[in-house]
Amino acid sequence: MAQPVTELPPKPIHAAELMAPERPKPQGRTQPVAAKPPATPSNTLNADPQTAEARAAAAKAAKAARAAEARAADERIMSSRAADSRPADGQTACADHEPASQQVLDALFGGDAAFADLARRSPAEAFRCSSLFPGDAALAALRDAVPQAPFDAVGAADQLGTRPGGEEIIARALDLGLLTRSLDGGMPFYETRHELRKRLPKTDLRALEIHAAKALAASLARDPAGMAPKIGALLDDMVDDPPADRFRITMAMSSEDLLGLIARIGPQLYTSSLDGLVNILRIQVKLEKRSFLDLAREERTRPLWAEFFVATVGGGRAASLFGTNPAIARDLMRESLRALLPVDGKPPAIDTAVVIGALADAMDLDSPPIRAALEDELAARYRAAGDTPAKTGLQEVSVRNGTGDTPARGGTGDTPARGGTGDTPARSMIGLAGSLHAARLSGRMATPAFEAERFPQHHPLAALPVLSGERLFRNGINVQRMTFYDDPDGRASFRGFLRQHRAQGWALHAQSGFAVAISPERHGRRIIIVADIPGAGDAGRAAAWDWMAREGLTPSIVIHRGHSYHEDATMTEIAPGTALVFWGSCGGHTRLRSTLERAPDALVLATQNIGVSTVNEALLGIMEERLLADGAIDWNAVWKEARGRIRDRRFASYKRPDQDSANLAFRAWQVQTASH
């Protein structure tokens, strides 16, 4: 007979020094050794060494020494990479810090003739890497290449300006006629705008910019899907430019162009970029004597309305979209529902949970009349979706001709429950959006028509997982996995991580390819953060997981610190038992579904727009404090403290996990579809 298996206790932490900050090393003498006093300047020989000035100087010197020691420690940790992850010595890079292409490397070994051939075939590459070719023959080849690529020559001004004859090449490239003829799709002007502003007369610059804006608008019209991401990336890249310069890029775009741009790239844009585009679209609509309702109905823009609605509402601009006229707002909500909801059994083009969340967010407005109009339209569409085909047509007529106060069947709020298996997907989506909105009203009254549908009773929301101590701690230890990547942002964020935790008294330990941070003990609890060292790559990551396995540690929290294009690598760190995932990247909110598919009971904290290192550090620091103080995470306490401490307005785009519309909708939709 098989013996029952006894569950073994977790493996103890073998690296005992990790369990507490480093203690002072014992002295070999019973009396402290006096430090050697600093050398005294000759003009202060008779000064009292205990004066305030002397003490301040000593304190300043000690502080500088501690800072130098901390920097040296950081350097030691940064250099603790896995051996096979170090870049090869002598790697060739061009002036933009990107590696030289193979054709540039071939030219380096092929001599002057090879570079001249490169300048003819690929002048952009020749100018980009011109600093690698210092000879006179290379300069002559670059001079001949100017007519083919004047903007590339301007972009290489920093390289060319430091060598004899380079300014002549730049001057040739700055010919206004040549630049105008070489605009192509308009992007070259914006990519070299900083150099052009320094070197062109204002009148020439303005004339060239007008041509560039027209060329860009024409390119967008020819290839909207291909050009929209490029324009979005450019707008985000211009975040430090004055707004008047930044958004002149859109000066030649129609309202249809602007709507299409927002629809295609809105969720990926920085908050400031989206805000600017929406503001410009509102102005353009007025100039064209049109309205958002016109755009929702027009043939060219109607197919993009669902994506535009989600991007605009998700970006916090629902009030701008629906305006101040309740009747128009209700008509616009009707058109939006038609665009967003599935028809004839076809799935919606946008993620179902995102649609549900956007509909709920649209009604979360400060204006009672506009909110009431949207509530009534949602309730009317819900009733119509539950009627027979014959009744549906009559209902549509009564809704269109009414004033928004169409009574529910029975008139007393006793509409039969329709949240069961007979509901269509569209009706279920509306019902869950209504439940989300009802949960947010917080004592505010909805309209009688909305209340009559009893959305919370017919379409209950799923309970969110709780971040309890049992889920987050094991034997008094909370383990977190934090990912950093080898780019300038990742290295800067990692140094900030080291500084922040050293200042708070955490112990920092460098391992082979990764780092470990251990908090001071508080109330019998500690936090262990296992972090990537930028540059260690896959070898460092494998070493971190091997170490955690040996020590019996399992992360309950996974934290992504890096750009969005590194998210796929962090996704592999998420396990089914992960309790919390923090996406600190731009647009991390788009990873919600993928995250919950890997960890169904996880909460997700992410931003809809730009992720900011300083906000990430502050928010994570608050969460660490709450974990040590309370042994759990109370989002009310975290968000209250974060609002008082974080002054960056971009914090507004971080989504609180227990109030995230898409998070709530995704869980509720899973439960509802499973019950069907």
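Everything below is about the structure printed above this text.
As a starting point, this report considers the structure included with it. Nothing here was measured: the structure is a model prediction, and the numbers come from that model.

Some remarks on the sheet that holds strand S2 (residues 507-510)
Here's step 1: Spatially, the eight strands line up as an open sheet ordered S2-S3-S4-S1-S5-S6-S7-S8, and their pairing is mixed. Edge positions in the sheet fall to S2 and strand S8 (654-655), since each of these pairs with one other strand and no more.
Here's step 2: Two strands pair when backbone bridges link them, and strand S1 (residues 477-483) and strand S5 (residues 557-560) are joined in this way by four bridges, in the parallel orientation. Within the sheet, the bridge partner assigned to Thr483 lies in S5 and is His560.
Here's step 3: Seen against the sheet, helix H32 (residues 635-645) touches strand S6 (580-583), strand S7 (603-607) and S8 and runs at an angle of roughly 20° to S7.

Regarding the pattern of salt bridges
Here's step 1: Per the counting criterion, the structure on display carries 41 salt bridges.
Here's step 2: The partner of Glu641 in a salt bridge is Arg645, and the shortest N-O contact between them spans 2.3 Å. With Glu641 and Arg645 both in helix H32 and four residues apart, this pair spans about one turn of that helix.
Here's step 3: Since its relative accessible area comes to 23%, Glu641 is described here as partly exposed.
Here's step 4: Each of the salt bridges in this network shares a partner with another, and the network as a whole consists of Glu625, Arg626, Asp630, Glu641 and Arg645.

Some thoughts on H32
Here's step 1: Taken as a whole, H32 has its buried residues at Trp635, Val638, Trp639 and Ala642. All buried residues of H32 project into a common sector of 90° when viewed along the axis, lining one side. Residues of H32 that are exposed and angled more than 90 degrees away from the buried face: Asn636 and Lys640.
Here's step 2: Buried residues in H32 make contact with S6, S7, helix H31 (613-630) and S8.
Here's step 3: Two or three places before Asn636, at the opening of H32, Asp634 has a side-chain oxygen 2.9 Å from that residue's backbone nitrogen.

Focus: empty space enclosed by the protein
Here's step 1: Overall, the coordinates contain two cavities of 30 Å³ or more when judged by the stated rule.
Here's step 2: Lining the largest cavity, in full, are Met482, Phe497, Gln500, His501, Arg561, Asn616, Glu617, Leu620, Gly621 and Glu624.
Here's step 3: Elements that contribute at least two residues to the lining of the largest cavity include exactly helix H27 (488-503) and H31.
Here's step 4: Among the elements that take part in the lining of the largest cavity, H31 stands out by supplying five residues, more than any other.
Here's step 5: Broken down by class, the residue content of the lining of the largest cavity amounts to three nonpolar, four polar and three charged.
Here's step 6: Space inside the second largest cavity adds up to approximately 30 Å³.
Here's step 7: If you trace the second largest cavity, you find it lined by Gln480, Ile557, Ile559, Leu620, Met623, Glu624 and Leu627.

Comments concerning the pairing of S6
Here's step 1: Burial of the side chains of S6 extends over both faces: Leu580 and Phe582 are buried on one face and Val581 and Trp583 on the other.
Here's step 2: By the bridge criterion, four bridges tie S5 to S6 in an arrangement that is parallel. In the sheet register, Ile557 faces S6, and the bridge partner there is Leu580.
Here's step 3: Summarising the sheet, S6 and S7 pair through four bridges and their orientation is parallel. For Leu580, the partnering residue across the bridge sits in S7 and is Leu603.

With respect to the layout of surface pockets
Here's step 1: There is about 870 Å³ of room inside the largest pocket.
Here's step 2: Lining the largest pocket are 32 residues, and of these Asp361, Asp364, Ala652, Tyr654 and Lys655 lie nearest its centre.
Here's step 3: For the lining of the largest pocket, the secondary structure elements donating two or more residues are helix H15 (271-287), helix H17 (305-314), helix H23 (425-440), H32, S8 and helix H33 (661-675).
Here's step 4: For the lining of the largest pocket, the leading source of residues is H23, giving three residues.

Section: the packing of aromatic side chains
Here's step 1: Within the structure shown, the criterion is met by 12 aromatic pairs.
Here's step 2: Three or more aromatic residues joined by ring pairs make a cluster, and in this case those are Phe292, Trp305 and Phe308.
Here's step 3: One cation-aromatic arrangement involves Arg427 over Tyr382; the distance from NZ or CZ to the ring centre is 3.7 Å.

Some remarks on the packing of helix H4 (residues 136-145) against helix H7 (residues 166-173)
In helix packing, the relevant descriptors are the interaxial angle and the interaxial distance, both defined with respect to the helix axes.
Here's step 1: Put simply, H4 and H7 touch, their axes get as near as 9 Å, and they point 10° apart. Classified by the angle their axes make, H4 and H7 are roughly parallel. Facing H4, whose interface residues are Leu139, Leu142 and Arg143, H7 presents Gly166, Glu168, Ile169 and Arg172.
Here's step 2: By residue class, the composition of the contact of H4 with H7 is three nonpolar, one polar and three charged.

What counts and how
Residues numbered from 1 in each chain as written. Predicted model: local features only at pLDDT ≥ 70, side-chain atom pairs only at ≥ 80, totals over all residues. Heavy atoms only, no water. Pairing = 2+ DSSP bridges. Helix = DSSP H or I, 4+ residues; strand = E, 2+ residues; numbered from the N terminus. Contact = heavy atoms within 4.5 Å. Axes fitted to C-alpha atoms, helices over the stretch in contact; angles between N-to-C directions. Salt bridge = Lys/Arg side-chain N within 4 Å of Asp/Glu carboxyl O. Buried < 20%, exposed > 50% of the residue type's maximum accessible area, 1.4 Å probe, protein only. Arc of directions from axis to C-beta. Polar contact = N/O pair within 3.5 Å; in protein donor to acceptor, adjacent residues only side chain to side chain. 1 Å grid on protein atoms, 1.4 Å probe; cavity = no way out; pocket = protein on both sides within 12 Å on 5 of 7 lines; lining within 4 Å. Points joined across faces, edges and corners; volume = space filled by probe spheres on them. Nonpolar A, V, L, I, M, F, W, Y, C, P; charged D, E, K, R; others polar. Phe/Tyr/Trp six-rings, centres within 6.5 Å; stacked < 30°, edge-to-face > 60°. Lys NZ or Arg CZ within 6 Å of the ring centre and 35° of its normal. Parallel < 35°, antiparallel > 145°, perpendicular 65-115°, else oblique.

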